[in-house]
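What follows is the residue order along each chain.
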Amino acid sequence: MSNVEFIKPTSLQDACEALMKPDYLAIAGGSDLIVKMRNGMYPNLKGLVDISGLPPLNTIRTDENAVIIGSGCTMNQIAKDQLIKDYFPALAKAASTVGALQIRNSATIGGNVANASPAGDTIPALFTLVADIMIIGCNGRRQIPIVEFFLSPGKTKLAPGEIIEGFKLLLRKTRGEFLKLGERRAHAISKINMAVSTWNDGKNHYRIAMGSVAPTVLRCREAEEYLESSEQLDDNTIARAAEIVSETAKPISDLRSTKAYRKQMAGVLLKRALQNLR
Amino acid sequence: MPVVGKSMPRKDALDKLRGLSRYIDDYNFSDILHVTTVRSPHAYGRLNGVDKSAAEKMAGVVGVITADQVPGKNSVPLVFDDEPFLAQGYVRFHGEPVALVVAESYEVAQAAAALVKLDIEPLKPVLGIRESIEESAPKIYGNDNVFSRYNVEKGNAEEAMKSAAHVFEQEYETPYQEHAYLETNGVIAVPGNEGTMTVYGTMQCPFYVHDAVAQALGRERNQVKIVQTTTGGGFGGKEDFPSLVAGHAAIVAQLFNRPAKLIYKREEDIIASSKRHPGLIKMKIGTDDKGKITAALIDYYVDGGAYATLTPIVLWRGTVHALGPYECDHVHIKSWGVATNKVPCGAYRGFGSPQVIFAGESMMDEIATELNIDPVEIRRINCYKVGSSTATSQIIDQSCGLMETLEKASEKADWAEKWQRPEQRSGVMRKGVGVSTVYYGVGLGAGGKHLDRVGTSMTIMKDGSVHCAIGNVEMGQGARTVLAQIAADALGAPYELVNVVEADTSLVPDSGPTVASRTTFMSGNSLMLAAEQLRPRLLQVAADLLGAPVIDEVELVDGKAFLKSQPEGKQIGFRELAEKLYAYRLMPSAFGWFIAPDSSYDKETGQGNAYFVYSYCTNIAEVEVDMETGEYRVTRITSAHDMGKAINPQQVEGQIEGGTLQGMGYATMEEIRHDADGRMLNNAFATYILPTTEDTPELDPIIVEHAYDRGPYGAKGFGEVPLMGVAPAIANAIYNATGVRIRRLPIKPEKILGLDK
Ligand SMILES: Cc1cc2nc3c(=O)[nH]c(=O)nc-3n(C[C@H](O)[C@H](O)[C@H](O)COP(=O)(O)OP(=O)(O)OC[C@H]3O[C@@H](n4cnc5c(N)ncnc54)[C@H](O)[C@@H]3O)c2cc1C
């Protein structure tokens, strides 16, 4: 670990260039990366590129009809932001459940997404808010819808030299819920988590996504469509939607929980989220 | 008593609060070597060789040490001496130390360890109790895989069971528990002149370490000195294991004649150090129609792991306590400590008891349910009172506050209001209450009585400050504070002037281990014996200065001497007394040597006075269960404890609160997992789940004092008790809320919903 070069770039461009070198990694809050390094997961690591101080990454701003959340925003910053709380409550709630206070002061939303854990708590929320991932590289910028971003646990479509600059969300008021089950009340990786966002533009829209039930976060299209086609959100509708997500979930048994429990909880969490949103 | 019975501030509190306390990793010596351990990646296998060449070639590496280089005897001295310092011939568990890599820096030692190649031919491991005791199991220890077994037989339980009005039979299982002390294992060994060796480190039992280092090096005891450094928690986990760590560092220090530092990473501490034994308990209990126990048949198994280490003694305590604090004329308890290819298990707060308490206290609840009796009431019917006879036919002759703990806890927790049958509860969120009652034999008991003595060296310094060296350690439990209180009052010295220092094997003779809740009782008594010798000398000086003809006319309390007849008259301060003590050339030191009150044990029947005295407690747990997710919150735990006398009530409450929380972790979430090949899977705090402050319930400690006439100011000892009965109280509360009986810890939401498969 002592032979790793530490680079503190002053611009996004410099950061991207530094990240072109093989075995150089970006570091933001370090709350995933340092743990993985210590566990020997990067034996060939040569350099760390510290992007945490780069100003454009640390703000939440509006841009015409969009909100751009800088990738370097911390969980506490997001959880406390009035605009996020008013417009994207599912995300504010998700951010407020990460780790514990100290972790939320360093953990960034960019790190949570780039780390690509199937249990990452802000990812389902960003799914339901139809976020676009804004990526910057040496050759310019590109955007990818979040549903297309993840390939497998820990793997994304980011290419060498690319950094997540931020997340672009339509400036649209949503109502939302985020629920998770863990092995204890803080510092717990989710056994299962679920985000639901809903908005009305003349017609009711629902977005549902859940984590820890498949190799990547799952969007629950079937349940969304069912809810959107239902006349009202009564107990029967909720129960049926819960059955559908329970079917959609494709979990495994691991150290944290079992397949059977996760499947059943997918339904329970959706039911509770919808009841809260009713 | 100016300070005994008062919540005096802890001697070590301010330094710890300000981050000034120095732990072993904070120490350094010039020319120091760093050591890391190469461990077996297999649970079981033939060790054909160790290829050191690549590691030895690395710059900064000084050497790689294997079993053949151990200067003394390659075995850690304990009960059977069967564990080697470094594996030889075979590896017997995943994580077993095979070689030591010695380097100029910690980083180089780490990197080089990865280059040491172990030639191991894997063998099929034995991984569980049921597997190990099967007739057809491969034999990994002796001819039956049993390290030790006990038999406790009172009356004729088999016959009595036949005529019981009701018979209840169940099996219970308990998991590993990791101590998770904040400070991992670590030592520094420093070679001195003429073949001497000093080892500094975090530990609970410096005299065990003394034995181990002397044996590893082949040195005399007077050439080896062990100095305990400020210790960041032990809970039993630093009873036997530091012997091995210290042995390793001392071997390196001796071979290279340089100081050697060996500090464990958390992951290796969890993989390699002792744990609470997993338990399997088969209970068959007979009662009459009113719920009075008439017969008990109990089979108790513990998973000892790959080496016997402390298993025989852990098993003995559990065996004796297996029925719980209940009168019964016909008891037959059998027990086995079995070998498996997993990490050796050892001491953990409660020492073989929490397993059987979980079984016994769950069983009491099951009996109460079946017979339609309130769970508190069934305990009133069966619990020990003065005059009761234990499972080993010992008559409880004094100091039995069990019934008072039961009454006080149930009253404080509002039991009568809150308890109702599970069928009467409804809704998604359901509350429940559960109770457990516990007794605990203080000290080493008949099984370890040859070790049950402690020394104290007490010196009044020229300035009046008092220096006390003792044979037990401070490991965060507050021993230095409580013992200073006892010493101060016994001597008549002001508390501020009395200091009890951390243990050093060159200051007092072998005083046994710091375990079994024995420190306050044993060292407390030994300090009183020392004070008893010094006090007349101080009184003699005081009598002289006050002009009293005999010392009987003088009183010395809280650092002030005065004439008994004139309590408001002239006073002599402690510092002046000390100055005069030296001027009079009286001996300012004394030695206390306390031998535990007697205990006895019959090898065939297990009958006798197993322990000299018992402590008692009642726990009442309250839970709220979410019936849809199975998640639950432990909302409150009320615990009433009889420890004889609370020398320092705040410390007592601290012990109750901390122990209760550890017991809650054991009940609700803690669990070590292995894969099918016996490799430990969750040796990190990200995966070995412990409660955090967010999980902490409201804790309601209650002190009950039934003095013990042999105790210092009536104190017994109880440090372990707060953990021991928490799990069944919670399990019983879960049953009370949900109607679901959990017989296999931990109580996970998945199990409550039946979705754990
Ligand atoms: C005690 C503890 C508790 C935790 N609890 C939770 C929890 O409850 N829920 C949860 O979801 N997570 C949890 N985590 C995981 C972690 O805190 C989060 O995933 C966090 O959001 C990661 O952000 P970071 O800024 O620390 O990322 P880092 O560790 O700095 O980086 C993580 C990865 O992302 C890459 N990266 C970072 N920023 C960018 C960027 N802008 N562009 C491209 N790549 C980037 C890094 O190269 C690295 O591979 C916990 C971690 C700890 C240590």
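What you see is a predicted model; the values in this text were computed from it and never measured. (Residues numbered from 1 in each chain as written. Chains lettered and ligands numbered in written order. Predicted model: local features only at pLDDT ≥ 70, side-chain atom pairs only at ≥ 80, totals over all residues. Heavy atoms only, no water.)

(A) How the structure looks around the packing of helix α15 (residues 519–546) of chain B against helix α16 (residues 574–583) of chain B. Residues and elements named next belong to chain B. Viewed as axis vectors pointing N to C, α15 and α16 meet at an angle of 100°, and their least axial separation amounts to 9 Å. When the axes of α15 and α16 are compared, the pair comes out roughly perpendicular. Residues Arg537, Leu538, Val541, Ala542 and Leu545 of α15 form the contact with α16, whose own contacting residues are Phe574, Glu576, Leu577, Lys580 and Leu581. (Axes fitted to C-alpha atoms, helices over the stretch in contact; angles between N-to-C directions. Helix = DSSP H or I, 4+ residues; strand = E, 2+ residues; numbered from the N terminus. Parallel < 35°, antiparallel > 145°, perpendicular 65-115°, else oblique. Contact = heavy atoms within 4.5 Å.)

(B) Focus on the sheet that holds strand β22 (residues 572–573) of chain B. Residue and element names in this part refer to chain B. Spatially, the 3 strands line up as an open sheet ordered β20-β21-β22, and their pairing is antiparallel. Of all the strands in the sheet, just β20 (554–557) and β22 have a single pairing partner and so form its edges. Pairing of β20 with strand β21 (residues 560–563), which is carried by 4 bridges, proceeds in the antiparallel orientation. Pairing of valine 557 across the sheet is with lysine 560, part of β21. Helix-sheet contacts for α15 involve β20, β21 and β22, and the interaxial angle to β20 is about 120°. (Pairing = 2+ DSSP bridges.)

(C) Structural view of the pattern of salt bridges. Tallied over the full model, the rule gives 58 salt bridges over all chains. Notably, a salt bridge pairs Lys271(A) with Glu628(B), separated by 2.4 Å at the nearest N-O pair. Note that Lys271(A) is positioned in helix α11 (residues 259–277) and Glu628(B) in the loop between β24 (614–626) and β25 (632–642), a pairing that runs across two chains. Here Glu361(B) and Arg379(B) are joined by a salt bridge, their closest N and O atoms 2.8 Å apart. (Salt bridge = Lys/Arg side-chain N within 4 Å of Asp/Glu carboxyl O.)

(D) Main features of the side chain of Thr198(B). Checked against the element boundaries, Thr198(B) lands in strand β10 (residues 197–201). Each residue touching Thr198(B), except ones within four places of it in the same chain, is listed here: Ile188(B), Ala189(B), Val190(B), Lys225(B) and Val227(B).

(E) A look at the domain arrangement of chain B. Residue and element names in this part refer to chain B. Domain boundaries assigned for chain B yield domain 1 (26–123 + 185–263), domain 2 (279–446 + 602–752) and domain 3 (453–595). Here the C-alpha centre of domain 3 lies 38 Å away from the C-alpha centre of domain 2. With 21 residues of domain 2 in contact, the opposing surface of domain 3 contributes 19 residues. Between domain 2 and domain 3, the buried area comes to about 1,500 Å², and carbon and sulfur atoms account for 65% of it. When the area that domain 2 buries against domain 3 is broken down by residue, the three leading residues are Ile647, Pro712 and Tyr713, summing to 34%. Where domain 2 meets domain 3, there are 0 salt bridges. Seen at the junction of domain 2 and domain 3, the total is 8 residue pairs in polar contact (both at pLDDT 80 or more). (Domains from an automatic or database assignment. Buried area = accessible area lost by both parts, 1.4 Å probe. Polar contact = N/O pair within 3.5 Å; in protein donor to acceptor, adjacent residues only side chain to side chain.)

(F) Quick peek at the packing of helix α6 (residues 206–217) of chain B against helix α7 (residues 241–256) of chain B. All names here are of chain B. Following both chains from N to C, one finds α6 and α7 inclined at 40°, their axes separated by 8 Å at the closest point. Of the two elements, α6 crosses α7, and the hand of that crossing is right-handed. Two secondary-structure elements touch here, α6 through Tyr208, Val209, Ala212, Val213, Ala216 and Leu217 and α7 through Pro242, Ser243, Ala246, Gly247, Ala250, Ile251 and Gln254. Along the lines of polarity and charge, the residues of the contact of α6 with α7 split into 10 nonpolar, 3 polar and no charged. (Left-handed = near helix turned anticlockwise from the far one by under 90°. Nonpolar A, V, L, I, M, F, W, Y, C, P; charged D, E, K, R; others polar.)

(G) Looking closely at the domain arrangement of chain A. Residue and element names in this part refer to chain A. One can read the domain layout of chain A as domain 1 (5–50), domain 2 (60–170) and domain 3 (176–277). For domain 2 versus domain 3, the separation of C-alpha centres amounts to 20 Å. For the pair domain 2 and domain 3, the two sides together bury roughly 1,800 Å², of which 66% comes from carbon and sulfur. Area buried by domain 2 at its contact with domain 3 is led by Pro118, Pro124 and Thr128, which between them contribute 28% of it. Remark: the boundary between domain 2 and domain 3 carries 2 salt bridges. There are 10 residue pairs in polar contact (both at pLDDT 80 or more) connecting domain 2 and domain 3. Contributing elements (two or more residues each) for the side of domain 2 that touches domain 3: α5 (89–96), α8 (122–128) and β8 (150–152). In terms of residue count, α8 provides more of the side of domain 2 that touches domain 3 than any other element does, 5 residues in total.

(H) Here's a closer look at the site of the ligand. Residue and element names in this part refer to chain A. Close to the ligand lie 31 residues; Ala26, Gly30, Ser31, Asp32 and Thr108 are nearest. Aspartate 32 places a side-chain nitrogen or oxygen 2.5 Å from an oxygen atom of the ligand. Within the side chain of lysine 180, one N or O atom sits 3.0 Å away from an oxygen atom of the ligand. Protein chains bury 88% of the 980 Å² of accessible surface belonging to the ligand in isolation. Among the elements that make up the shell around the ligand, the one with the highest residue count is helix α7 (residues 109–114) (4 residues). Grouping the amino acids of the shell around the ligand by side-chain chemistry returns 14 nonpolar, 14 polar and 3 charged. (Near = heavy atom within 4 Å. Areas by Shrake-Rupley, 256 points an atom, 1.4 Å probe, with all protein chains shown as cover.)

(I) Highlighting the environment of Phe167(A). All names here are of chain A. Mapped onto the fold, phenylalanine 167 is located in strand β10 (residues 163–170). The exposure class of phenylalanine 167 is buried, given its relative accessible area of 0%. Separated by 56 residues in the primary sequence, phenylalanine 167 and glycine 111 place their C-alpha atoms 12 Å from one another. With residues near it in sequence (within four places) discarded, phenylalanine 167 still touches Val67, Ile68, Ile69, Ser71, Ile109, Gly110, Val113, Leu126, Asp132, Ile133 and Met134. (Buried < 20%, exposed > 50% of the residue type's maximum accessible area, 1.4 Å probe, protein only.)

(J) Summary view of the nonpolar core. Residue and element names in this part refer to chain B. The biggest cluster of nonpolar side chains holds 64 residues, and the ones touching the most others in it are Ile367, Tyr616, Val623, Tyr632, Ile730, Ile734 and Ile747. If we ignore the near neighbours within four places in the chain, the residues touching isoleucine 734 are Val623, Val625, Tyr632, Gly739, Val740, Ile747 and Ile752. In terms of nonpolar packing, the next biggest core, distinct from the first, is built from 49 residues, Phe85, Leu244, Ile251 and Val343 among them. (Core = buried A, V, L, I, M, F, W, Y, C linked by side-chain atoms within 4.5 Å.)

(K) Structural view of the interface of chain B and chain A. The interface of chain B with chain A comprises 29 residues on the first partner and 22 residues on the second. When the buried area of chain B at its contact with chain A is split by residue, Glu628(B), Glu750(B) and Leu755(B) rank highest and sum to 26% of it. At the boundary of chain B with chain A, the tally comes to 7 salt bridges. Here Glu267(B) makes a salt bridge to Arg38(A), at a shortest N to O gap of 2.7 Å. Linking chain B with chain A are 13 residue pairs in polar contact (both at pLDDT 80 or more). The set of elements that each furnish at least two residues to the side of chain B that touches chain A consists of α8 (266–272), β25 and α20 (749–752) of chain B. A breakdown of the residues in the side of chain B that touches chain A according to their chemical character gives 10 nonpolar, 4 polar and 15 charged.

(L) Just the sheet that holds strand β5 (residues 97–103) of chain B, in detail. All names here are of chain B. Taken in spatial order, the 7 strands make up an open sheet running β3-β5-β1-β12-β9-β10-β11, and their pairing is mixed. The sheet is open, and its two borders are formed by β3 (61–65) and β11 (224–228), each paired with just one other strand. Neighbour-to-neighbour, the strand axes of the sheet open up by a mean angle of 20°, direction not taken into account. Pairing of strand β1 (residues 33–39) with β5 involves 6 bridges; the strand directions are antiparallel. Bridge assignment links threonine 36 to a residue of β5, and that residue is valine 101. Along the sheet, α6 makes contact with β10 and β11, crossing β11 at roughly 145°.

(M) View of the pairing of β21(B). All names here are of chain B. Counted along the chain from β20 to the antiparallel partner β21, the turn is 2 residues long, and its residue aspartate 558 has a positive phi close to 50°. Both β21 and β22 contribute to a ladder of 2 bridges, which runs antiparallel. Note that in β22 the partner of lysine 560 across the bridge is glycine 573.

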